[in-house]
Amino acid sequence: MDRERVADVLEEIALLLDLKGESPFKSRAYRSAATTIRALDRDLAELVRTGGLTALPGIGSALAEKITTLVDTGSLPYRDRLRAEVPRAAAIAEFLRIPGLGPRKAQVLAEKLQVGSLGELEYACHENRLLEIPGFGARAQEKILKGIERLRSYRGRLLLGDALPLAEELRAALAAAPVVTSAAIAGAVRRGEETVGEITLVVESEDTQAIVAALSRLPRVRDASPLRDASRITVSLDAGVPLHLAVVRPEGRACALLHRTGGAAHLGALQERARKGGLDLREDGLYRGREQLPCPDEEAVYRALGLPFVAPELREGLGEIEAAEAGTLPDLVEERDLRGILHVHSTWSDGRLSIEEIVDRCSALGYEYVGITDHSQSARYARGLTPESLRQQQMQIGEARRGHPEIRVLMGSEVDILPDGSLDYPEEVLATLDFVVASVHSSFGLKEAEQTGRIVRALRHPRATILGHPTGRLLLAREPYAVNLEEILSTAAREGVCVELNANPHRLDLDTAACRLARSLGARVAIDPDAHDAAGLRDARFGVAVARRAGLTAAHILNASPAGRLDEALARRR
DNA sequence: GCCGTTTTCGGCCCGACTGTTTTCAGTCG
């Protein structure tokens, strides 16, 4: 069993223990172990073999034994026993995704209403049956109904952060099959959409049957039997989205990739353009009459249509063809343009890497600088730093600086924007920092005018450098708080504060449209991983995808500035 | 269930908000 699956089981056990009413510290131990396993950047099976599990923080002999059983056998009797002891556990786990429902309330609902699925719970709400349950009222019922509706709209979608690695894994597995000449990622994943409902690959091969056979051997493929015709295969994946395969001959590869990448509006416009030029752009090739024009790659297709290559992230029918025609396509930012990262959490607050580990890894990743930003004092849940612990941390950062002359280590902080719009440290503390990421972590429920006013006030603070995750949304989980984004972005531009494109795949906040707005209003963007572990340090790529979709160039990005120019970029009006 | 200059037991992350209450449990970040 692989790392992710093991972590899922540990989390399931944590929930089952909560539902059984066992010590919350016990379930916390399982949750913490799940997080550790998920964030592992070594091979789990190898770690099990060498007996290194207990060296990991929070994993003792009992957890090591269970993890070993899971890796070796793929199952765990302890988990199965717990499942049998907790009725309706699967339904309760589903209910937990409804905002406002935790394990306690979810369990009460499942038991009192005798419901075993979201659909049944929804029906019970419509019958006003929640009103009879102590602790629930009309508002709770309404909120749950809204939550279920929202969950339904999330169903069958994956975060780009899950879909892209999955697509890469599937692509590599197919490319390694002897009957396959090449395999490429297409579809919404290639366009860098924030969430996707399918994974699409274009595979060059002469043998569709052999591909179906190869697919059926892949662990993530659930059902490889459906076969539509010789050139199209759709199978279901364990991740809950379909995998579409286009099987093509070499001469049809470029046009198939173009078609399967989309988007629909872009493709429609290209076909219209082809038609006007006496051509026919089809999925199997570009034709003049019955003659197929040679197009070895997508560049050649665009060239035949009189256009320069259009990056997949821009193919949304939002003016990119006109820009291509006029020669004004932007020189889109690339991951390698990022010279450093400025939003990283360490073990001083809720991160899992020490300062030394962060600096080591960022140096190995080739970054010129890294900004450490642990939480400020009001963020108690995240063990936010008091002024005194911040001072101690800065001494440790000083040591890391001396040990790593090759990378610049900045002392920052992710400072809470308090409900009144003030920052969570006094001026004399803020003055010791190289930069400040100011973020909202509380009072999400303010009315739009108040929330906007609160953030605007924080932006006017002369110590604010970057506005963290400006809308607070969590993709497929939590809607953004109510804010007037245009007012915030124009204030940021005016005040010289950068706005964050938080690259954590659960956030991607700002989103594509908001990044376009930021660009048009003149606000600079910081692509921040908001990393809490080793894997998180590599999340900037997802932010880069969003930035590219918004047409941003390196010049728009704060952390594309070289180290030597960073002070100037961070300085603002001080 | 983990951990230890608190070391084999007794701690372990906590304050604000919400909706339901009439004194607070549950949820959230």
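Analysis parameters
Residues numbered from 1 in each chain as written. Chains lettered and ligands numbered in written order. Predicted model: local features only at pLDDT ≥ 70, side-chain atom pairs only at ≥ 80, totals over all residues. Heavy atoms only, no water. Helix = DSSP H or I, 4+ residues; strand = E, 2+ residues; numbered from the N terminus. Buried < 20%, exposed > 50% of the residue type's maximum accessible area, 1.4 Å probe, protein only. Lys, Arg positive; Asp, Glu negative; His and termini not counted. Salt bridge = Lys/Arg side-chain N within 4 Å of Asp/Glu carboxyl O. Polar contact = N/O pair within 3.5 Å; in protein donor to acceptor, adjacent residues only side chain to side chain. Contact = heavy atoms within 4.5 Å. Pairing = 2+ DSSP bridges. Axes fitted to C-alpha atoms, helices over the stretch in contact; angles between N-to-C directions. Left-handed = near helix turned anticlockwise from the far one by under 90°. Nonpolar A, V, L, I, M, F, W, Y, C, P; charged D, E, K, R; others polar. Core = buried A, V, L, I, M, F, W, Y, C linked by side-chain atoms within 4.5 Å. Domains from an automatic or database assignment. Buried area = accessible area lost by both parts, 1.4 Å probe.

## Notes on the side chain of E414
Alright, step 1. Along the chain, the position of E414 falls in strand β13 (residues 408–416).
Alright, step 2. The side chain of E414 sits in the buried core without any salt bridge; R507 is the nearest counter-charge, 6.4 Å away.
Alright, step 3. Reaching out from E414, the side chain makes a polar contact with the side chain of H345 at a distance of 3.0 Å.
Alright, step 4. The contacts of E414, once residues within four sequence positions are left out, are H343, H345, T373, D374, H375, S376, V437, S439, H441 and H469.

## Let's talk about the sheet that holds strand β9 (residues 285–288)
Alright, step 1. If you walk across this open sheet you meet the 3 strands as β8-β9-β10, and the pairing is antiparallel. Of all strands in the sheet, those bounded by a partner on one side alone are β8 (280–282) and β10 (291–293). The mean inter-strand angle of the sheet, taken between neighbouring strand axes irrespective of direction, is 35°.
Alright, step 2. Both β8 and β9 contribute to a ladder of 3 bridges, which runs antiparallel. For D280, the partnering residue across the bridge sits in β9 and is Y287.

## Observations regarding the packing of helix α17 (residues 355–364) against helix α18 (residues 387–403)
Alright, step 1. At a minimum axis separation of 10 Å, α17 and α18 run at an interaxial angle of 40°. Crossing hand, α17 versus α18: right-handed. For the pair formed by α17 and α18, the contact residues are I355, E356 and V359 on the first element and Q393, Q396, I397 and A400 on the second.
Alright, step 2. Of the residues that constitute the contact of α17 with α18, the class distribution is 4 nonpolar, 2 polar and 1 charged.

## A few points about the pattern of salt bridges
Alright, step 1. What the rule picks out here adds up to 42 salt bridges.
Alright, step 2. Here E194 ties to R473 by a salt bridge, and the two come within 3.1 Å at their closest N and O atoms. One end of the pair, E194, is in the loop between α11 (187–191) and β3 (195–196); the other, R473, is in the loop between β15 (466–467) and α21 (485–495), and 279 residues separate them in sequence. The pair E194 / R473 is uniform in exposure class, with both members buried.
Alright, step 3. The salt bridge partner of E206 is R249, with a shortest N-O separation of 3.9 Å.

## Some thoughts on the nonpolar core
Alright, step 1. Ranked by internal contacts, the top residues of the largest apolar core, which has 154 residues, are L53, L121, I144 and L215.
Alright, step 2. It is helix α1 (residues 3–20) that provides the largest number of residues to this core, a total of 10 residues.
Alright, step 3. Here L215 is in contact with L174, V221, A224, I233, V235, L243 and L245, once residues within four sequence places are set aside.
Alright, step 4. A254, V301, A324 and L332 belong to the second-largest nonpolar core, a separate cluster that totals 22 residues.

## Observations regarding the domain arrangement of chain A
In many analyses, interface size is given as the accessible surface area lost on bringing the parts together.
Alright, step 1. For chain A, the assigned domains are domain 1 (3–154), domain 2 (158–248), domain 3 (253–326) and domain 4 (335–571).
Alright, step 2. Distance between the C-alpha centres of domain 2 and domain 3: 23 Å.
Alright, step 3. Taken together, the contact pairs 16 residues of domain 2 with 14 residues of domain 3.
Alright, step 4. When the buried area of domain 2 at its contact with domain 3 is split by residue, R190, R191 and V202 rank highest and sum to 53% of it.
Alright, step 5. Counting across the interface, domain 2 meets domain 3 through 4 salt bridges.

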